[in-house]
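In case you want the letters, here they are:
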Amino acid sequence: VFAGSLGLVWILVLQQPELVYAVIDDEMLETMEYMYEPGSSLREQRDASDDIMMFGHYISNNIGIAFRTFASGLFLGVGSMMIMLFNGTLFGAIAGHLMNIGSHEPFFTFVIAHGAPELTAIVLAGGAGLRLGMSLVAPGPYGRLEALKLAASDAMPVVYGCFFLLLGAAFIEAFWSPRLFAPEVKYAVGTVSWILVIGYLFLAGRRP
């Protein structure tokens, strides 16, 4: 749901730029364009106190999104799917629009490193929410309340993992992502970030 909506809307906005206005209002678009305008001095104006303040903001915002994505699974899983659909659509529309206006490099060099743990955590939170929803839709041999308790017990380790992923994402987004290093450096660090996250999910943390 998340990746599919992201990719589809991204392609549609690239092909038909006016479609972005069906997803994002003018005020938000202006903010995005200002933030990621090539040569903008906005990020150069940040100091250490700004980074610390933004670190707290990113923790609060990202963990709030992940918790809502997880908890919304109680609505038979539909809530989790809708939140993932909304966030995927929003990200795809922003990425497509910024590519259309030539602001893709400032955008991608900013998001690539913290996007690995952040986007992965949102998807994992959605999956954990769907686990709750499935326990209500198909409780099997248990009563729905007992099935929900078992599902919550299974899902909580994933939720804890999401918390630590989002904590790391907030740290990267506050202290690394705004730094104006060469694009090659930002892309290299971002690639390592994605390899570490994907490598952990597929190769580590598993019982024999």
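Residues numbered from 1 in each chain as written. Predicted model: local features only at pLDDT ≥ 70, side-chain atom pairs only at ≥ 80, totals over all residues. Heavy atoms only, no water.

In this section: unusual backbone geometry. One non-glycine residue, Leu-76, lies in positive phi territory at about 60 degrees. Tracing the sequence through the fold places Leu-76 in the loop between helix H3 (48–71) and helix H4 (78–100). (Helix = DSSP H or I, 4+ residues; strand = E, 2+ residues; numbered from the N terminus.)

Right, let's talk about the environment of Ala-147 for a bit. Take Ala-147: it is sitting in helix H6 (residues 144–175). Exposure remark for Ala-147: the relative accessible area of 7% places this residue in the buried category. Placed 12 residues apart in sequence, Ala-147 and Ser-135 show a C-alpha to C-alpha distance of 5.4 Å. Not counting chain neighbours up to four residues away, the residues in contact with Ala-147 comprise Ser-135, Pro-139 and Tyr-142. (Buried < 20%, exposed > 50% of the residue type's maximum accessible area, 1.4 Å probe, protein only. Contact = heavy atoms within 4.5 Å.)

Turning our attention to the pattern of salt bridges. Using the criterion set out here, one finds two salt bridges in the structure. A salt bridge links Asp-51 to Arg-179; its shortest N-O distance comes to 3.2 Å. Of this pair, Asp-51 sits in helix H3 while Arg-179 sits in the loop between H6 and helix H7 (183–203); the two residues are 128 residues apart in sequence, bridging distant segments of the chain. Taking the shortest distance from any N to any O, the salt bridge between Asp-154 and Arg-131 comes out at 2.9 Å. Separated by 23 residues along the polypeptide, Asp-154 in helix H6 and Arg-131 in helix H5 (residues 104–137) bring together distant segments of the chain. Given a relative accessible area of 35%, Arg-131 falls into the partly exposed group. (Salt bridge = Lys/Arg side-chain N within 4 Å of Asp/Glu carboxyl O.)

In this model H7 runs 29 Å from its N-terminal to its C-terminal C-alpha over 21 residues, within 8% of the 30 Å that 1.5 Å per residue would give. When H7 is considered as a whole, its buried residues turn out to be Lys-186, Gly-190, Ser-193 and Val-197. Buried residues of H7 fall within an arc of 55 degrees about the axis and therefore sit on the same side. Relative to its buried face, H7 has exposed residues pointing more than 90 degrees away, namely Glu-184, Ile-195, Phe-202 and Leu-203. Buried residues belonging to H7 abut H5. (Expected span 1.5 Å × (residues − 1). Arc of directions from axis to C-beta.)

Where helix H2 (residues 26–35) contacts H4, the two axes come as close as 11 Å, and the packing angle between them is 55 degrees. Taken together, H2 and H4 sit at an angle that is classed as oblique. Helix-helix and strand crossings are classified by hand; for H2 and H4 the assignment is right-handed. Contact with H2, carried on its side by Met-28, Leu-29, Met-32 and Glu-33, involves Leu-90, Ile-94, His-97 and Leu-98 of H4 and no other residues of that element. Broken down by class, the residue content of the contact of H2 with H4 amounts to six nonpolar, one polar and one charged. (Axes fitted to C-alpha atoms, helices over the stretch in contact; angles between N-to-C directions. Parallel < 35°, antiparallel > 145°, perpendicular 65-115°, else oblique. Left-handed = near helix turned anticlockwise from the far one by under 90°. Nonpolar A, V, L, I, M, F, W, Y, C, P; charged D, E, K, R; others polar.)

The next thing to look at is the side chain of Asn-62. Within the secondary structure, Asn-62 is located in helix H3. Residue classification places Asn-62 among the buried positions, given a relative accessible area of 5%. Leave out the neighbours within four places in its chain, and Asn-62 touches Glu-118, Leu-166 and Glu-173.

As a further point, take a negative patch on the surface. A surface patch of like charges, here negative, comprises Asp-25, Asp-26, Glu-27 and Glu-30. Structurally, Glu-30 can be placed in helix H2. (Patch = residues over 30% accessible without salt bridge, like charges linked within 9 Å, V, L, I, M, F, W, Y side chains within 5 Å. Areas by Shrake-Rupley, 256 points an atom, 1.4 Å probe, with all protein chains shown as cover. Lys, Arg positive; Asp, Glu negative; His and termini not counted. Charge placed at Lys NZ, Arg CZ, Asp CG, Glu CD.)

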